[in-house]
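For reference, the chains in residue letters:
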Amino acid sequence: MNKNFALIGAAGYIAPRHMRAIKDLGHTLAVAYDINDSVGIIDSQHPQAEFFTEFECFLEHANQRKRTPGKALDYVAVCSPNHLHHPHIAAGLRLGADVICEKPLVPTVALLDELQRVEAETGKRVFNILQLRHHDAILKLRDKVAAAPKDTKFDVELTYITSRGKWYAQSWKGDPRKSFGVATNIGVHFFDMLHFIFGQLQQSVVHLNEEARAAGFLEYERARVRWFLSIDANDLPAEVQGKKTTFRNIDISGEQLEFSEGFTDLHTVSYREILAGHGYGLADARHCIETVAAIRTASAAALGADAHPFLKR
């Protein structure tokens, strides 16, 4: 059955993946909203979609659709800047729609609890895009860890450097009040993945928390993880500098996790699972929200044996 979707944040980097998922699964993007009007991508996916650059007008249009059978919104997809996720999710629920939101869902557990209250008030659901949980390499690693002796703890080294130009600091992503910092903005994907594979978090130590980089140590039920995240090209290894702008390395007890491929359709897979009733909801997002919130507020500890090797450079 065809579903009607709205998209909040249509001009953003990730929005085209949501548009494609809606189209690929045979549904309709009925209306989109963004404060920016550089949304020509809509023409190649959903040329009939209504579009607004003022949120009040978007809300009024969405409410008017309820009067006509078959026109009411079934889902609202949220791809707006991180600090706007909470109000946009709540607005979608109050429109009478289920909501699909990008990571990080919200910055704090208190806001997560507030969304649970709005779910109860409206009878609608919030789903988080946790696409790495659908990646074949991640699922195979999870099975491998589950099959290992229960007393096995894997030693993991996670390094992710994704260079960003000067524009980044001028955008909302460079404002910690809006992005909530590097560990939250680019790290939340990995922290959810680590929990998904290795179980509950037992300990978190932060060694570095700067504007362009963050690092620390996480101990899970089944793993000890040294992690390093950066958006500074100067942190790229010498063998990569000048050749690539991104360096991703996940070493698990001496074996490399290779998952550079297979990302193309993960949003479509996520949407398919949500529409089939198997989506990841607020409870599934709680663990990584707790993790990034603790990292943001932690004081930097002295470097020890559990520090990531890049910190010694």
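The paragraphs below set out a description of the structure included in this document.

Each value, and the rule that gives it
- Residues numbered from 1 in each chain as written.
- Predicted model: local features only at pLDDT ≥ 70, side-chain atom pairs only at ≥ 80, totals over all residues.
- Heavy atoms only, no water.
- Core = buried A, V, L, I, M, F, W, Y, C linked by side-chain atoms within 4.5 Å.
- Buried < 20%, exposed > 50% of the residue type's maximum accessible area, 1.4 Å probe, protein only.
- Helix = DSSP H or I, 4+ residues; strand = E, 2+ residues; numbered from the N terminus.
- Phe/Tyr/Trp six-rings, centres within 6.5 Å; stacked < 30°, edge-to-face > 60°.
- Lys NZ or Arg CZ within 6 Å of the ring centre and 35° of its normal.
- Salt bridge = Lys/Arg side-chain N within 4 Å of Asp/Glu carboxyl O.

Here we come to the nonpolar core. It is characteristic of soluble globular proteins that their nonpolar side chains tend to be buried jointly. Among the nonpolar cores identified, the biggest contains 41 residues, and M193 and W227 are the most heavily contacted of them. Only α6 (136-147), β7 (154-162), α9 (182-185), α10 (188-198), β9 (213-220), β10 (223-230), β11 (246-252) and α12 (282-297) provide two or more residues apiece to this core.

As a further point, take the packing of aromatic side chains. One pass over the structure, following the stated rule, counts 11 aromatic pairs. Note on Y33 and F55: the rings are 5.2 Å apart at their centroids and 65° apart in plane angle, and the pair reads as edge-to-face. Of this pair, Y33 sits in strand β2 (residues 28-33) while F55 sits in helix α3 (residues 55-65), and the two are 22 residues apart along the sequence. Judged by relative accessible area, Y33 falls into the buried class, the value being 9%. The interplanar angle of 45° and the centroid separation of 6.2 Å between the aromatic rings of F154 and F198 together place this pair among those described as tilted. With a gap of 44 residues between them, F154 in strand β7 and F198 in helix α10 connect regions that are remote in the sequence. Of the two residues, F154 and F198, both sit in the buried class. Chaining the aromatic ring pairs together yields one cluster made of F5, Y75 and Y271. Just above the ring of Y280 sits the side chain of R133; from NZ or CZ to the centre is 4.6 Å.

The next thing to look at is the pattern of salt bridges. Side chains that differ in sign of charge can pair as their charged atoms come close. Overall, the coordinates contain 13 salt bridges when judged by the stated rule. Between R133 and D192 there is a salt bridge, with its nearest N and O atoms 2.7 Å apart. Of this pair, R133 sits in the loop between β6 (126-128) and α6 while D192 sits in helix α10, placing them 59 residues apart in sequence. Both residues of the pair, R133 and D192, belong to the buried class. In this structure, the salt-bridge partner of E157 is R226, at a minimum N-O distance of 3.0 Å. Within this pair, whereas E157 is found in strand β7, its partner R226 is found in strand β10, the two being separated by 69 residues in sequence. The exposure class assigned to R226 is partly exposed, which follows from its relative accessible area of 24%. Salt bridges sharing partners connect three or more residues here, namely E210, R213, D232 and D235.

For α10, the tally of buried residues reaches 10 of 11 residues, placing the bulk of the element in the interior. Positive phi shows up at G199, right after α10, with a value of about 95°.

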